[in-house]
Amino acid sequence: RLVQTVEQSNTAAVIAPNMGKQIVGFQAMVDYAAKTFPGLFKGYSLKIKESHQHGKADTSGTAKMMVNYFNKLGLAYTVDDIEKERDPQVQKTSWGIPEEYLTGHGWHTYSLTSADKSVQLNFEHNINGRDIYIDGTLDAVDFLNQALAKRVKGSVFNMIDVLKAGRAE
């Protein structure tokens, strides 16, 4: 409905589940691999763990998107398989999340292991605080300002569009 509302309006919008440019860039790299090398990790197992502040009730949207990319790479995994942590004590003691970020963080680990356990690949991105999202949002605002100056109305963009355009000088 949000996309439909924008498309029928006199404005443009960036609609994205994650405004962190570096995280979106990482997702784009994995998406590229999934499209270029489908089935690359067939036979491997996957484990996704994510930790966010106690008040976040749902599973990370970032982790959910990664499941889709990893499925295309040949890994059998579902959103229900994602391990999520919301307990501040466990986050601090087991994960090592600094206490000052327990109320605002997003840590993700993706572990891929070969069937014979001789190969393991780990990808991790740990965000402390919310500054990364502010920077991405400011870039999106600059991007939209340029789009509206070109009279691009009723258009929906995503953070990949923002990344491709670069930041306004």
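Heads up: the structure comes first, above all this text.
Reading the values: the criteria
- Residues numbered from 1 in each chain as written.
- Predicted model: local features only at pLDDT ≥ 70, side-chain atom pairs only at ≥ 80, totals over all residues.
- Heavy atoms only, no water.
- Helix = DSSP H or I, 4+ residues; strand = E, 2+ residues; numbered from the N terminus.
- Buried < 20%, exposed > 50% of the residue type's maximum accessible area, 1.4 Å probe, protein only.
- Contact = heavy atoms within 4.5 Å.
- Pairing = 2+ DSSP bridges.
- Axes fitted to C-alpha atoms, helices over the stretch in contact; angles between N-to-C directions.
- Right-handed = clockwise from strand over helix to strand, strands pointing away.
- Polar contact = N/O pair within 3.5 Å; in protein donor to acceptor, adjacent residues only side chain to side chain.

(A) Quick peek at the overall build of the protein chain. Assigned secondary structure in the protein chain consists of six helices and six strands. Along the first, second and third principal axes, the C-alpha set of the protein chain runs to 55 × 40 × 30 Å. Within the protein chain, buried positions represent 38% of all 169 residues. Within the protein chain, residue pairs in contact and separated by at least 24 positions form 71% of the contacts whose partners lie at least 6 positions apart.

(B) Geometry of the pairing of strand S4 (residues 105–113). For S4, a buried count of nine out of nine residues is recorded, marking the element as mostly surrounded by other parts of the structure. Covered by surrounding structure in S4 are His105, Trp107, Thr109, Ser111 and Thr113 together with Gly106, His108, Tyr110 and Leu112, the residues of both alternating faces. Two elements, strand S2 (residues 45–52) and S4, share eight bridges in a ladder whose sense is antiparallel. The partner of Ile48 across the bridge, within S4, is Tyr110. The hairpin turn running from S4 into strand S5 (residues 120–128), its antiparallel successor, is six residues long, and Lys117 in that turn takes a positive phi close to 65°.

(C) Main features of the sheet that holds strand S3 (residues 83–85). Spatially, four strands are ordered S3-S2-S4-S5 in an open sheet, and the strand pairing comes out mixed. Each having just a single partner strand, S3 and S5 make up the two edges of the open sheet. For this sheet, the mean angle separating the axes of adjacent strands, direction not counted, is 10°. Contacts from helix H3 (residues 61–72) reach S2, S4 and S5, with the element oriented near 20° to S4. Packed onto the sheet, helix H4 (residues 88–95) meets S2, S3 and S4 and runs at close to 120° relative to S2.

(D) Looking closely at the pairing of S2. As paired strands, S2 and S3 are joined by three bridges and run parallel to one another. Counterpart to Ser51 in the pairing with S3 is Glu85. After leaving S2, the chain enters H3 and then returns to the sheet as S3, a path that is right-handed.

(E) The side chain of His108, seen in detail. You can see His108 is positioned in strand S4. His108 gets classed as buried once you look at its relative accessible area, which sits at 3%. For His108, the side chain forms a polar contact with the side chain of Ser60, separated by 2.8 Å. Each residue touching His108, except ones within four places of it in the same chain, is listed here: Lys49, Glu50, His52, Ser60, Thr62, Ala63, Phe123, Glu124, His125 and Asn126.

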